[in-house]
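Observations on chain architecture
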Amino acid sequence: MTSPALDQLRRTFGYAEFRGEQAAIVEHVSAGGDALVLMPTGGGKSLCYQLPALLRPGTAIVVSPLIALMQDQVEALRQLGVRAAFLNSSLDAAGAAQVEADLAAGALDLLYVAPERLLTPRFLDLLERSRLALFAIDEAHCVSQWGHDFRPEYRQLTLLHERWPGVPRIALTATADAPTRREIVERLALEGARQFISSFDRPNIRYTVMPKDNSRRQLLDFLDGHRGEAGIVYCLSRRKVDATAALLAERGLLALPYHAGLGASVRAEHQRRFLHEDGVVMVATIAFGMGIDKPDVRFVAHLDLPKSLEGYYQETGRAGRDGEPADAWLAYGLGDAVQLRRMIAEGEAGEERKRLEHAKLDALIGYCESTACRRQTLLGYFGEAHPGACGACDNCLHPPQTWDATEAARKALSCVYRSGQRFGAAHLIDVLRGADTAKARQFGHHALSTFGIGAEFDATRWRSLFRQLVAAGLLEADLDRYGALRLTAAATPLLRGEQTLHLRAEPPKPARRRKRDADKARTTSTTTTNLPADAEARFTALRQWRSETAKAQNVPAYVIFHDATLRSIALECPSDLDALARIAGIGAGKLERYGEAVLAVLRDGS
Ligand code: ADP
Ligand code: ZN
């Protein structure tokens, strides 16, 4: 069955079908209803307002918090033949006047505008004189004062409803938790809006968590499987961002740093290159990422622990928006948890807030240490049940072994106790293993009954054990003493022999990877295209053409065509425009603009 919406989807966007809730949302908003849309990143939120914008008379006003990214969104729409524009402080007076005139003349389908601009009397006045299709409020969680992205201007957006009660509003966000959702409804006066809540599963993302042992090498090994692909590496501190970016650059990767300590122009330039060029690795603090809707980010790696599962979900969600396979990879160690705890403890927040942050960190550590399906754990945290194990996370793919750690844990706990609960894991491990160090001698620890009782395990095994004892709450790190470990009440039953303990066994250390192994890893990587050789050659030629075309227009490559579209073209090798038009991702606008050029690339290549 077709409908005007489906026709429009096929003609303008070149997509065959709606995804998930899109059809229902488009129908509801096109008919004039208000909507609150909760959809994970990559779920396809933009279409939910872009299609009604085309189906309803008048201009859709899209409120978007990030000036820097409006331009790319508008550019992507223009490439489709949609009449779109943006209005923000980056335009000069003449440019802004032109956009205002277009709006008043009814010559725009969509107008993107920053909230502070929207709220000016001048702009509200202009709206009074224009025909309005709808208001879309993107990144609606910016209204929440508890989030990282709070924008006070969002609070005033209720005036849209007050002044234009007949114009439908659609608010959209990828922030899943219930308190934020309630706050959006209340703050934006959306009590009457229909709520569309999608599953937050991202089936194309593969989750992997590994204990840190040599994080530089682990990262390089991971990146070996993603050569030439775009991705983000998150680090906690600016210093680490700089060091990691330098390391990757030294190894021949196109890696750029991004953090708040860099000048605004450097940040903007690095962001531009990440968006516009193929295969850039952005090494960044969490200052980077909000609103980055580059569809072909193939991996998000965390070299340090994020602050919460919410943060982790949001950051990893930036991978694979195009629905193609992508990796979420995290390396973590005990030191990370201790450092984050200290940051919370030393922060400005009130006691209640700090307790909340500690609890969030606990949930994250629980996720890291879990032997259950990562997807189930993650979705469960957001209140969503996932049927069965996913088969696409590290725990599903390589079920972790567990071992009876009761005896070893007792030795470790008693070593903590006997040395006075004043030392960190590194020294405790030396004592357990009977290492003759200066520190052991200084404190007389070689005379302890626990000295050398743990020689049967290597330091890595002990580190894993201490980490898991902290994660399980049997030990806690004393923040005033730089991570000195001390017993908690929960350790008592184990020490008394009333309880046993089973822990996750670390995967065996991979031998230093040789080139042959690295090649193997590349071909087994989730993101391998696996095209036949002739199609692969066409794909490469098409990418080359896309890169030149994008550069000439100063737009991101994905705005021209997505990888998935180029891959289909390479596979099918259409010989005329009709055949090309049948490929997913090619609507009328793209066909007219690039059809002949694509056919020429295919002809020259064969
Ligand atoms: P979100 O804003 O929810 O993160 P986007 O609106 O950017 O997601 O869409 C994510 C990707 O999915 C985009 O590349 C978009 O072109 C694609 N997409 C959206 N809807 C469809 C559809 N019905 N069929 C195919 N691709 C789609
Ligand atoms: Zn799983």
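This section reports on the structure supplied with the text. (Residues numbered from 1 in each chain as written. Chains lettered and ligands numbered in written order. Predicted model: local features only at pLDDT ≥ 70, side-chain atom pairs only at ≥ 80, totals over all residues. Heavy atoms only, no water.)

Focus: the environment of Phe-288
What counts is decided by this rule: Note on conventions: DSSP H or I runs of at least 4 residues are helices, E runs of at least 2 residues are strands, and numbering of each starts at the N terminus. Only protein chains enter the accessibility calculation, which uses a 1.4 Å probe; a residue is then buried when its area is under 20% of its type maximum, exposed when over 50%, and partly exposed in between. Any two residues whose heavy atoms approach within 4.5 Å are treated as being in contact.
Its place among the elements puts Phe-288 in the loop between strand S11 (281–284) and strand S12 (299–302). Overall, Phe-288 belongs to the buried group, its relative accessible area being 1%. In this view, Phe-288 contacts Ile-232, Tyr-234, Tyr-258, Gln-271, Phe-274, Met-282 and Arg-318; residues no more than four positions away in its chain are not counted.

Observations concerning the coordination of the zinc ion (ligand 2)
Heads up, the condition is: For Na, K and Ca the donor cutoff is 3.2 Å, while for all other metals N, O and S atoms count as donors only within 2.8 Å; water does not appear among the atoms, so some sites may look incomplete. Angle rules define the geometry names used: all angles between 85 and 135 degrees makes four donors tetrahedral, while opposite donors over 155 degrees apart and all other angles between 65 and 115 make four donors square planar and six octahedral, leaving every other case irregular.
Looking at the zinc ion (ligand 2), one finds its protein donor set to be Cys-373 (SG), Cys-390 (SG), Cys-393 (SG) and Cys-396 (SG), positioned 2.3 to 2.4 Å from the metal centre. Each of the four donor atoms bound to the zinc ion (ligand 2) contributes to angles spanning 101 to 119°, and the resulting shape is tetrahedral. All donor residues of the zinc ion (ligand 2) come from one chain, and their arrangement in sequence is C-x16-C-x2-C-x2-C. With Cys-373 in the loop between helix H15 (351–369) and helix H16 (374–381) and Cys-390 in the loop between H16 and helix H17 (394–397), the pair connects residues that are 17 residues apart, well separated along the chain.

Some details on helix H11 (residues 238–250)
For clarity, the cut-off: Each residue after the first adds 1.5 Å to the expected span of a helix. By definition, the arc is the one covered by directions from the helix axis to the C-beta atoms.
With 13 residues, H11 extends 18 Å between its outermost C-alpha atoms, agreeing within 8% with the 18 Å of an ideal straight helix rising 1.5 Å per residue. By the burial criterion, the buried members of H11 are Val-241, Thr-244, Ala-245, Leu-247 and Leu-248. Axial view of H11: buried residues confined to an arc of 160°, hence all on one face. Projecting away from the buried face of H11 at angles above 90 degrees are the exposed residues Arg-239 and Glu-250. Where H11 is buried, its residues contact helix H10 (215–224), strand S9 (231–234), strand S10 (255–258) and S11. Looking one or two residues past H11, Gly-252 carries a phi angle of roughly 85°, positive in sign.

A word on the pattern of salt bridges
Pairs can form between side chains of opposite charge whenever their charged atoms are close. Defined as follows: What counts as a salt bridge is simple: a side-chain nitrogen of Lys or Arg found within 4 Å of a carboxyl oxygen of Asp or Glu.
A complete count under the given rule lists 34 salt bridges for this structure. When the shortest N-O distance is used, the salt bridge between Glu-456 and Lys-411 registers 2.8 Å. Here Glu-456 is found in the loop between helix H20 (438–442) and helix H21 (459–471), whereas its partner Lys-411 is found in helix H18 (residues 406–418), with 45 residues between them in sequence. On the basis of relative accessible area, Glu-456 is assigned to the partly exposed category, the value being 48%. For Lys-411, a relative accessible area of 19% corresponds to the buried category. Look at the salt bridges and you will find they share partners, linking Lys-212, Lys-240, Asp-304 and Asp-336 into a network.

With respect to the packing of aromatic side chains
Spelled out, the test is: Here a Phe, Tyr or Trp ring, Trp counted by its six-membered ring, pairs with any other such ring whose centre lies within 6.5 Å, and the pair is stacked when the planes are under 30 degrees apart, edge-to-face when over 60, and tilted otherwise.
The tally for this structure, following the rule as stated, stands at 17 aromatic pairs. Ring plane angle 85° and centroid distance 5.7 Å describe the contact between Phe-222 and Phe-299, whose orientation is recorded as edge-to-face. A residue pair is termed long-range when its members are at least 10 positions apart, and Phe-222 in helix H10 and Phe-299 in strand S12 qualify at 77 residues. Under the relative-accessibility criterion, Phe-222 is labelled buried at 11%. Note on Phe-274 and Phe-288: the rings are 5.5 Å apart at their centroids and 85° apart in plane angle, and the pair reads as edge-to-face. You can see Phe-274 sitting in helix H12 (residues 264–276) and its partner Phe-288 sitting in the loop between S11 and S12, a full 14 residues away along the chain. There is no split in this pair, since Phe-274 and Phe-288 are both buried. Members of the aromatic cluster, joined through ring pairs, are Phe-200, Tyr-313, Tyr-381 and Phe-382.

Comments concerning the packing of helix H5 (residues 93–104) against helix H7 (residues 121–128)
Using the following cut-off: Inter-axis angles, ranging from 0 to 180 degrees, are taken between N-to-C directions of lines fitted to C-alpha atoms, where helices are fitted over the stretch in contact. Between 65 and 115 degrees an angle is taken as roughly perpendicular, under 35 as roughly parallel, over 145 as roughly antiparallel, and anywhere else as oblique. Should the near helix be turned anticlockwise from the far one by less than a right angle, the crossing is left-handed, and should it be turned clockwise, the crossing is right-handed. Any residue that is not Ala, Val, Leu, Ile, Met, Phe, Trp, Tyr, Cys, Pro, Asp, Glu, Lys or Arg is counted as polar, Gly included; the first ten are nonpolar and the last four charged.
The geometry of H5 relative to H7 is characterised by a closest axis approach of 9 Å and an angle of 30° between their N-to-C directions. In terms of orientation, H5 lies roughly parallel with respect to H7. In this structure, H5 meets H7 at a crossing whose hand is right-handed. Two secondary-structure elements touch here, H5 through Glu-100, Leu-103 and Ala-104 and H7 through Arg-122, Phe-123, Leu-126 and Leu-127. When its residues are assigned to classes, the contact of H5 with H7 shows five nonpolar, no polar and two charged.

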